[in-house]
Amino acid sequence: QFTDAVSLESREKIKNLHDELETKARQHGTEHPVILAGLYDLVDLYVEAHQYYIGERLLKRLQTAYRRTFKSPHLSIAKSLTRLGDILVQQIKYEESEKYYLESLKQYTQLIDIENDLTIEKTYKGLGVSYSQQQMYEESEYYYKKLLILYRKSFNEEHPKILETISDLTSVLE
């Protein structure tokens, strides 16, 4: 299941969390919120270990469980959709990532004030990256500009997030 590049430490962390989740699942059931949160942490461990495909598969299964457990729209669903988009971008699956980012955006639109809440920042950033990589520069520009407006409401002009977004926007406009 692991490539040789995965460190022993990462393997141990993943194994320990697997074991812990199995024990908790016997106590609480497989779709208990504690288990779902642990599975989300497990996704992060797989991604840290550069096991993107495993993280992707696990997160897709987690999406199914979230939809059975939580009423949609739900922040956990929206957050995991963005995370799935991020994992797909890391695998150069830009068109598929776009689908998940847009679904996340739809969820967030129903849950938060997307004009003023930083919760949406990773979704905007992901859409900017995904569209840029697909050479859909107008769409990329649109989301980088939305992100920049959002950041300017929260940070000063010298903040690293603003500077990075300006750089991303500049690269799309060139």
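Structure first, text after, so check above.
Residues numbered from 1 in each chain as written. Predicted model: local features only at pLDDT ≥ 70, side-chain atom pairs only at ≥ 80, totals over all residues. Heavy atoms only, no water.

Some words on the pattern of salt bridges
Part 1 of the reasoning: Under the defined criterion, the tally for this structure stands at 15 salt bridges.
Part 2 of the reasoning: Among the salt bridges present, the one from E56 reaches K93, with a minimum N-O distance of 3.0 Å. A residue pair is termed long-range when its members are at least 10 positions apart, and E56 in helix α3 (residues 52–69) and K93 in the loop between α4 (75–90) and α5 (94–111) qualify at 37 residues.
Part 3 of the reasoning: On the accessibility criterion, E56 (4% relative accessible area) is buried. (Salt bridge = Lys/Arg side-chain N within 4 Å of Asp/Glu carboxyl O. Helix = DSSP H or I, 4+ residues; strand = E, 2+ residues; numbered from the N terminus. Buried < 20%, exposed > 50% of the residue type's maximum accessible area, 1.4 Å probe, protein only.)

Notes on unusual backbone geometry
Part 1 of the reasoning: With an omega of 0°, the peptide bond running from S72 to P73 counts as cis.
Part 2 of the reasoning: Mapped onto the elements, P73 comes out in the loop between α3 and α4.
Part 3 of the reasoning: In the Ramachandran plot, H50 falls in the positive-phi region, its phi being about 60° despite a non-glycine side chain.
Part 4 of the reasoning: Its relative accessible area of 56% is what places H50 among the exposed residues.
Part 5 of the reasoning: With phi around 60°, I92 is a residue other than glycine that occupies positive phi space.
Part 6 of the reasoning: Looking at where I92 falls in the secondary structure, it is placed in the loop between α4 and α5.
Part 7 of the reasoning: Judged by relative accessible area, which is 61%, I92 ranks as exposed.

Some words on the layout of surface pockets
Part 1 of the reasoning: Taken as a whole, the largest pocket spans an internal volume of roughly 250 Å³.
Part 2 of the reasoning: If you go around the largest pocket, you meet 14 residues; those closest to its centre are Y40, K79, T82, Y108 and K122.
Part 3 of the reasoning: Contributions of two or more residues to the lining of the largest pocket are made by α2 (33–48), α4 and α6 (121–133).
Part 4 of the reasoning: Examining the composition of the lining of the largest pocket, we find that six residues originate from one element, α4, more than from any other.
Part 5 of the reasoning: Considering only residue class, the lining of the largest pocket consists of four nonpolar, four polar and six charged. (1 Å grid on protein atoms, 1.4 Å probe; cavity = no way out; pocket = protein on both sides within 12 Å on 5 of 7 lines; lining within 4 Å. Points joined across faces, edges and corners; volume = space filled by probe spheres on them. Nonpolar A, V, L, I, M, F, W, Y, C, P; charged D, E, K, R; others polar.)

Some words on the environment of V6
Part 1 of the reasoning: Mapped onto the fold, V6 is located in the segment before α1 (8–28).
Part 2 of the reasoning: Its relative accessible area of 5% is what places V6 among the buried residues.
Part 3 of the reasoning: Between the alpha carbons of V6 and H50 there is a distance of 7.5 Å; along the sequence they are 44 residues apart.
Part 4 of the reasoning: If sequence neighbours within four positions are ignored, V6 has contacts with R11, A49 and Q51. (Contact = heavy atoms within 4.5 Å.)

Some points on the packing of α3 against α4
Part 1 of the reasoning: Where α3 contacts α4, the two axes come as close as 10 Å, and the packing angle between them is 160°. Put simply, α3 runs roughly antiparallel to α4. Seen from above, α3 lies across α4 with left-handed handedness. Touching Y52, G55, E56, L59, K60, Q63, Y66 and R67 of α3 are S76, I77, S80, L81, R83, L84, I87, L88 and Q90, all from α4.
Part 2 of the reasoning: Here the contact of α3 with α4 is built from residues that sort into eight nonpolar, five polar and four charged. (Axes fitted to C-alpha atoms, helices over the stretch in contact; angles between N-to-C directions. Parallel < 35°, antiparallel > 145°, perpendicular 65-115°, else oblique. Left-handed = near helix turned anticlockwise from the far one by under 90°.)

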